[in-house]
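# Structure at a glance
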Amino acid sequence: MNDIRLEFIADSQEKMALLFQAWHDKDYDTLKNIGHSLKSASLNMALRMLAEQYQQIERLAAQHNNHDMQAIIDQLPALHEASLKELDNLFINGLD
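What this report covers is the structure whose coordinates are included nearby.

Rules used throughout
Residues numbered from 1 in each chain as written. Predicted model: local features only at pLDDT ≥ 70, side-chain atom pairs only at ≥ 80, totals over all residues. Heavy atoms only, no water. 1 Å grid on protein atoms, 1.4 Å probe; cavity = no way out; pocket = protein on both sides within 12 Å on 5 of 7 lines; lining within 4 Å. Points joined across faces, edges and corners; volume = space filled by probe spheres on them. Helix = DSSP H or I, 4+ residues; strand = E, 2+ residues; numbered from the N terminus. Nonpolar A, V, L, I, M, F, W, Y, C, P; charged D, E, K, R; others polar. Axes fitted to C-alpha atoms, helices over the stretch in contact; angles between N-to-C directions. Parallel < 35°, antiparallel > 145°, perpendicular 65-115°, else oblique. Left-handed = near helix turned anticlockwise from the far one by under 90°. Contact = heavy atoms within 4.5 Å. Buried < 20%, exposed > 50% of the residue type's maximum accessible area, 1.4 Å probe, protein only. Core = buried A, V, L, I, M, F, W, Y, C linked by side-chain atoms within 4.5 Å. Phe/Tyr/Trp six-rings, centres within 6.5 Å; stacked < 30°, edge-to-face > 60°. Lys NZ or Arg CZ within 6 Å of the ring centre and 35° of its normal. Salt bridge = Lys/Arg side-chain N within 4 Å of Asp/Glu carboxyl O.

This part takes up the layout of surface pockets. Where empty space is left becomes clear once a probe the size of a water molecule has been rolled over the atoms. In this structure, the largest pocket encloses a volume near 160 Å³. What lines the largest pocket is Met1, Ile4, Arg5, Asn44, Met45, Ala46, Leu87, Leu90 and Phe91. Among the elements of the structure, helix H1 (2-25) and helix H4 (66-95) are those that each provide at least two residues to the lining of the largest pocket. Broken down by element, the residue count for the lining of the largest pocket peaks at 3 residues, all from H4. Across the lining of the largest pocket, the residue classes tally to 7 nonpolar, 1 polar and 1 charged.

Remark: H1 packs on helix H2 (residues 28-44), axes separated minimally by 9 Å, with the N-to-C direction vectors making an angle of 155°. When the axes of H1 and H2 are compared, the pair comes out roughly antiparallel. The chirality of how H1 crosses H2 is left-handed. Residues Phe8, Ser12, Lys15, Met16, Leu18, Leu19, Ala22 and Trp23 of H1 pack against Thr30, Leu31, Ile34, Gly35, Ser37, Leu38, Ala41 and Ser42 of H2. Residues of the contact of H1 with H2, tallied by class, amount to 10 nonpolar, 5 polar and 1 charged.

What is expected of a backbone is that most residues other than glycine have negative phi and most peptide bonds are trans. In the Ramachandran plot, Lys26 falls in the positive-phi region, its phi being about 55° despite a non-glycine side chain. Since its relative accessible area comes to 36%, Lys26 is described here as partly exposed.

By size, the foremost hydrophobic cluster in this structure holds 25 residues, and its most contacted members are Phe8, Leu19, Leu31, Tyr54, Ile57, Met69 and Leu76. When residues of this core are traced back to their parent elements, those giving at least two are H1, H2, helix H3 (48-63) and H4. Sequence-distant contacts of Leu31, that is, excluding residues within four places in its chain, are made with Leu19, Ala22, Trp23, Ile57, Ala61 and Met69.

Moving on, we get to the packing of aromatic side chains. Per the stated rule, a full pass over the model turns up 0 aromatic pairs. Across the ring face of Phe91, the terminal group of Arg5 is positioned such that the distance to the ring centre comes to 4.7 Å.

This part is about the pattern of salt bridges. Evaluated as defined, the whole model comprises 3 salt bridges. The partner of Asp11 in a salt bridge is Lys15, with the nearest N and O atoms 3.1 Å apart. Taken together, the residues Asp11 and Lys15, both in helix H1 and 4 residues apart, mark about one turn of the helix. Judged by relative accessible area, Asp11 falls into the partly exposed class, the value being 26%. The residue Glu58 makes a salt bridge to Lys39 at a minimum N-O spacing of 3.0 Å. Of this pair, Glu58 sits in helix H3 while Lys39 sits in helix H2, and the two are 19 residues apart along the sequence. Each member of the pair, Glu58 as well as Lys39, is classed as buried.

Right under this line is the structure:
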């Protein structure tokens, strides 16, 4: 289980960097694809709030909706970090 958690953390951090680059470049296809991938991975880790934001990114990228996307992008790093801490806490507490 720990290997899966660590793989998720590494993968999500890498994809977050790609997501922000795609946002900077206004590459909506890449935003949509990464949003979808991160949504699925987050759901697999039971991080529903994070998954919902990635689902919004996926939807908004398809619509080229910059205004609403910006609001999500601005809040995403803090939510991502909080979600990873929650995952760590669940894992650590589950081992006790």
